[in-house]
Amino acid sequence: MKTRTADIAVIGGGAAGLTAAARCAAAGKKTLLIERLSRPGGVLQQCIHSGFGIHRFNEELTGPEYAHRVLTQAEEAGAEILLNATVMQIDGTGEVKTLTVYSRDEGVLLIRARAVILAMGCRERCRGNLGIPGERTAGIFNAGLAQKLINEQGLLPGTRAVIAGSGDIGLIMARRLSWCGVKVACVIEIMPYPAGLSRNIAQCLEDFDIPLLLSHTLTGIYGKKRVEYVTIAPLVNGVPDLAQEKKITCDTILFSVGLVPENELSRACGIELDPVTNGPRVDSSLMTNIPGIFSCGNVLHVHDLVDFVSDEADRAADSAVAWAAGERPGEAAITVKAGKNLRYTVPHRAEAGKTNHFYMRASTVMDKAELRVTSPEGRIIFSKKLRYVKPAEMISAAFPCPEESTYTFTLENC
Amino acid sequence: MEKFKKICINCPAGCHLEIEKEGDAITVRGNSCPRGIAYARQEVTDPRRVVTAVVAADAPERLFIPVKTTAPVPMAEIPELLKKLFSMRVALPVHPGDVLLKDHPSTEITVVATGTGK
Ligand SMILES: Cc1cc2nc3c(=O)[nH]c(=O)nc-3n(C[C@H](O)[C@H](O)[C@H](O)COP(=O)(O)OP(=O)(O)OC[C@H]3O[C@@H](n4cnc5c(N)ncnc54)[C@H](O)[C@@H]3O)c2cc1C
Ligand code: SF4
């Protein structure tokens, strides 16, 4: 069996992995990135729409353009990229980590590295995860899969579609289908507010007069060989009101109902996961509970902006570079908790005496809010005013952290 | 006086704009940066969108090149442009930034590749 060594191994070649690999290599570390597909870029390659890189490159790029930039940075910095290679196992015990990799070109490979960065991204939740009743027929797709079929393979999924879920992927696909001549009958959303960004409601639904039915759910999918129609109903007090059930003719259903970080590999090697984010629990250096293994991007928590993915990847890279050089981070002794109106915060532990970066998601829609960080005694450590808080839009905060046992993050009405 | 409510699509902040139009005079509220004002003016006079699509490569294998317009296109001209893009076959190799189409259907439109398809 072939063995390779590196200072830092990066698993996954999407925005997170490429950015991290570029930074590690630029810092002079021997960096090896492992990607299972035949080309790098991850989900960016199928996101042909523009809206990437405004913060990072001060320019509105398309997904493939953003991928091209970070790939070029990684290559120029001297990172080595292994394609068609899947990491099957991580052995995280010991000072040097070992990855077992199945490579199409080289067979089974062992990769030994001082530090590992997890950047495996996420996958889509599907009909099965929701338990939508009805027939098992052709014509049911995940929105991201339909996106890949259209944009990478030139295949149309059908002629008349219903989109279940108003996440950004679903909204982007409503426009993409419309521009390809596929009629989008409606987008239905179980929550009373849309899950995607406002700009996508405007440019992907309103531009095409596609109705967005809030507080609605799919009650059935019907068809023999191919989907023939679906039934939908409004939610009244949280349950579908079947008296108001309606039939909608369509041959295609796209599910855009959220993403799940891809952490089978992490779980198998003993990395502790947060049941809310489905990603690793990390400290402020983005290190998991296994020393020397770091995490960033969608595998850590689902991001809506690639710019934040790359910022996070930079921080994971800096930590991995320091670790590979033998430095050890200070103890992250502050427990970070998500309180009122927040679903989660990342990282889970912060380090006193330096500036820590936090990302968090609201659990509800608020017009105006104040983000507040309080000590166990109720002292306000940090606060910041926010406009239009939505679960769809990640909130970020960075501030110097004084010593405390616990920080509680909350969103207050104001 | 006409009133509009629009969401600025210039960046993911998606500011909710309240626009008042009186003849040529436009007042905007809700924008977080000057680009919102320019967007509001454009949107109530001549709305435009950047168009992205894929174009088939002139190659034996199934290969599709992602493309975009270099500037927002008048909305009324989008269907014509899409028809043209569907009918095109692009010779390989293609690099990001290569101009694939110019002046179709109007003189203002330039379509460039955003990827290589590979
Ligand atoms: C449809 C869609 C639209 C979006 N639109 C926007 C937008 O308009 N603007 C914006 O800023 N952001 C947008 N985003 C968000 C942003 O693009 C993503 O969050 C970001 O690209 C994710 O990068 P990543 O590297 O974390 O994950 P991914 O891109 O998913 O990369 C993970 C990579 O890891 C590889 N991998 C996984 N497991 C293994 C393994 N075991 N071995 C080897 N390789 C492995 C995968 O093949 C994949 O290439 C969008 C996201 C989606 C899904
Ligand atoms: S007004 Fe400025 S900040 Fe707000 S969405 Fe438009 S471009 Fe973005």
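Residues numbered from 1 in each chain as written. Chains lettered and ligands numbered in written order. Predicted model: local features only at pLDDT ≥ 70, side-chain atom pairs only at ≥ 80, totals over all residues. Heavy atoms only, no water.

A.B. asks: Looking at this structure, I do not really get the sheet that holds strand E2 (residues 16–22) of chain B. What am I missing?
C.D. replies: Strand pairing in a sheet relies on backbone hydrogen bonds, with the paired strands running either antiparallel or parallel. Residues and elements named next belong to chain B. Spatially, E1-E2-E3 is the arrangement adopted by the three strands of the open sheet, whose pairing is antiparallel. Taken across any chain shown, the strands that pair with only one partner, and hence form the sheet edges, are strand E1 (2–7) and strand E3 (25–29). Neighbour-to-neighbour, the strand axes of the sheet open up by a mean angle of 25 degrees, direction not taken into account. Sheet topology note: the E1/E2 ladder contains six bridges and is antiparallel. By the bridge assignment, Lys5 is partnered in E2 with Glu18. (Pairing = 2+ DSSP bridges. Helix = DSSP H or I, 4+ residues; strand = E, 2+ residues; numbered from the N terminus. Axes fitted to C-alpha atoms, helices over the stretch in contact; angles between N-to-C directions.)

A.B. asks: Could you clarify how one ought to interpret the confidence of the model for chain B in this entry?
C.D. replies: Regions with low pLDDT should not have their predicted coordinates read in detail. In this model, chain B carries a mean pLDDT of 91, and residues with pLDDT of at least 70 account for 99%. Both scores are available for the predicted complex, with the pTM at 0.93 and the ipTM at 0.91. (pLDDT = per-residue confidence, 0-100.)

A.B. asks: Please explain the site of ligand 1 as it appears in this structure.
C.D. replies: Residue and element names in this part refer to chain A. Around ligand 1 lies a shell of 34 residues, among which Ala16, Glu35, Gly51, Asn298 and Val306 are the nearest. Separating an oxygen atom of ligand 1 from a side-chain N or O atom of Glu35 is a distance of 2.6 Å. One of the backbone N or O atoms of Asn298 is found 2.8 Å from an oxygen atom in ligand 1. In isolation ligand 1 exposes 1000 Å². Once the protein is present, 93% of that is buried. For the shell around ligand 1, the elements supplying multiple residues, two or more each, are helix H1 (15–26), strand E3 (50–52), strand E6 (85–91) and helix H9 (306–324). Broken down by class, the residue content of the shell around ligand 1 amounts to 18 nonpolar, 12 polar and four charged. (Near = heavy atom within 4 Å. Polar contact = N/O pair within 3.5 Å; in protein donor to acceptor, adjacent residues only side chain to side chain. Areas by Shrake-Rupley, 256 points an atom, 1.4 Å probe, with all protein chains shown as cover. Nonpolar A, V, L, I, M, F, W, Y, C, P; charged D, E, K, R; others polar.)

A.B. asks: Explain the nonpolar core to me, please; I cannot follow it from the model alone.
C.D. replies: Grouped burial of nonpolar side chains is what soluble globular proteins tend to show. Residue and element names in this part refer to chain A. Core analysis: the biggest nonpolar cluster contains 46 residues, and Ile8, Val10, Leu44, Tyr66, Ile117 and Phe294 have the highest contact counts within it. Breaking this core down by element, the ones donating at least two residues are strand E1 (2–11), H1, helix H3 (63–77), strand E8 (107–118), H9 and strand E22 (342–346). Among the elements that line this core, the one with the most residues is H9, at 10 residues. Counting the residues that make up this core, at least three belong to each of domain 1 (1–124 + 258–329) and domain 3 (331–414). The contacts of Tyr66, once residues within four sequence positions are left out, are Ala15, Leu44, Phe52, Gly53, Arg56, Phe57, Leu61, Val306, Asp307 and Ser310. Within the second largest apolar cluster, 23 residues are counted, among which are Ala85, Leu109, Ala113 and Cys269. (Core = buried A, V, L, I, M, F, W, Y, C linked by side-chain atoms within 4.5 Å. Buried < 20%, exposed > 50% of the residue type's maximum accessible area, 1.4 Å probe, protein only. Domains from an automatic or database assignment. Contact = heavy atoms within 4.5 Å.)

A.B. asks: So what exactly am I meant to see when it comes to the site of ligand 2 here?
C.D. replies: In the vicinity of ligand 2, the contacting residues are B:Cys8, B:Asn10, B:Cys11, B:Ala13, B:Gly14, B:Cys15, B:Asn31, B:Ser32, B:Cys33, B:Arg35 and B:Gly36. A breakdown of the residues in the shell around ligand 2 according to their chemical character gives five nonpolar, five polar and one charged.

A.B. asks: Even after reading the chapter, I still don't get the side chain of A:Glu404, so can you show me in this structure?
C.D. replies: Residue and element names in this part refer to chain A. Here Glu404 shows up in the loop between strand E27 (395–400) and strand E28 (406–413). Judged by its relative accessible area of 17%, Glu404 falls in the buried class. In terms of polar contacts, Glu404 uses its side chain to reach the side chain of Arg379, at 3.1 Å. For Glu404, the contacting residues outside a window of four places in its chain are Ile334, Ser375, Pro376, Glu377, Arg379 and Ile381.

A.B. asks: Even after reading the chapter, I still don't get the pairing of E27(A), so can you show me in this structure?
C.D. replies: Looking along a regular strand, one sees side chains alternate from face to face of the sheet. Residues and elements named next belong to chain A. Only one face of E27 is covered, namely the one carrying Ile395, Ala397 and Phe399; the face carrying Ser396, Ala398 and Pro400 has none of its residues buried. The pairing of strand E24 (residues 355–362) with E27 spans six bridges and is classified as antiparallel. Bridge pairing in E27 places Phe358 opposite Ala397.

A.B. asks: It is not clear to me how the sheet that holds strand E13 (residues 212–213) of chain A should be interpreted in this structure. Could you clarify?
C.D. replies: Residue and element names in this part refer to chain A. The five strands lie next to each other as E10-E18-E11-E12-E13, forming an open sheet whose pairing is parallel. Edge positions in the sheet fall to strand E10 (140–142) and E13, since each of these pairs with one other strand and no more. Sheet analysis places strand E12 (residues 183–188) next to E13, joined by two bridges and oriented parallel. When the sheet's bridge partners are listed, Ile188 is paired in E13 with Leu213. Along the sheet face, helix H5 (residues 143–153) touches E10 and strand E18 (252–255) and points at about 90 degrees away from the line of E10.

A.B. asks: Just checking my understanding: could you explain helix H6 (residues 168–179) of chain A for this structure?
C.D. replies: Because the α-helix completes a turn every 3.6 residues, residues three or four places apart line up on one side. Residues and elements named next belong to chain A. The end-to-end C-alpha distance of H6, which contains 12 residues, comes to 17 Å, matching closely the 16 Å that a straight helix rising 1.5 Å per residue would cover. Among the 12 residues in H6, 10 count as buried, and that is most of the element. For H6, the full list of buried residues reads Asp168, Gly170, Leu171, Ile172, Met173, Ala174, Arg175, Arg176, Leu177 and Trp179. Looking one or two residues past H6, Gly181 carries a phi angle of roughly 85 degrees, positive in sign. (Expected span 1.5 Å × (residues − 1).)

A.B. asks: Could you clarify how one ought to interpret the interface of chain A and chain B in this entry?
C.D. replies: Accessible area lost upon the coming together of the parts is a frequently used measure of interface size. Each partner contributes residues to the interface: chain A has 29 residues there, and chain B has 31 residues. Buried area between chain A and chain B, both sides added, is near 2500 Å², and the carbon and sulfur share of it is 58%. The largest contributions to the chain A side of the interface with chain B come from A:Ile48, A:Trp179 and A:Arg199, which together make up 24% of the buried area. Linking chain A with chain B are two salt bridges. For the interface between chain A and chain B, the tally reads seven residue pairs in polar contact (both at pLDDT 80 or more). Secondary structure elements with two or more residues in the side of chain A that touches chain B: H3, H5, H6, helix H7 (198–205) and strand E26 (380–389) of chain A. Taken together, the residues of the side of chain A that touches chain B sort by class into 11 nonpolar, nine polar and nine charged. (Buried area = accessible area lost by both parts, 1.4 Å probe. Salt bridge = Lys/Arg side-chain N within 4 Å of Asp/Glu carboxyl O.)

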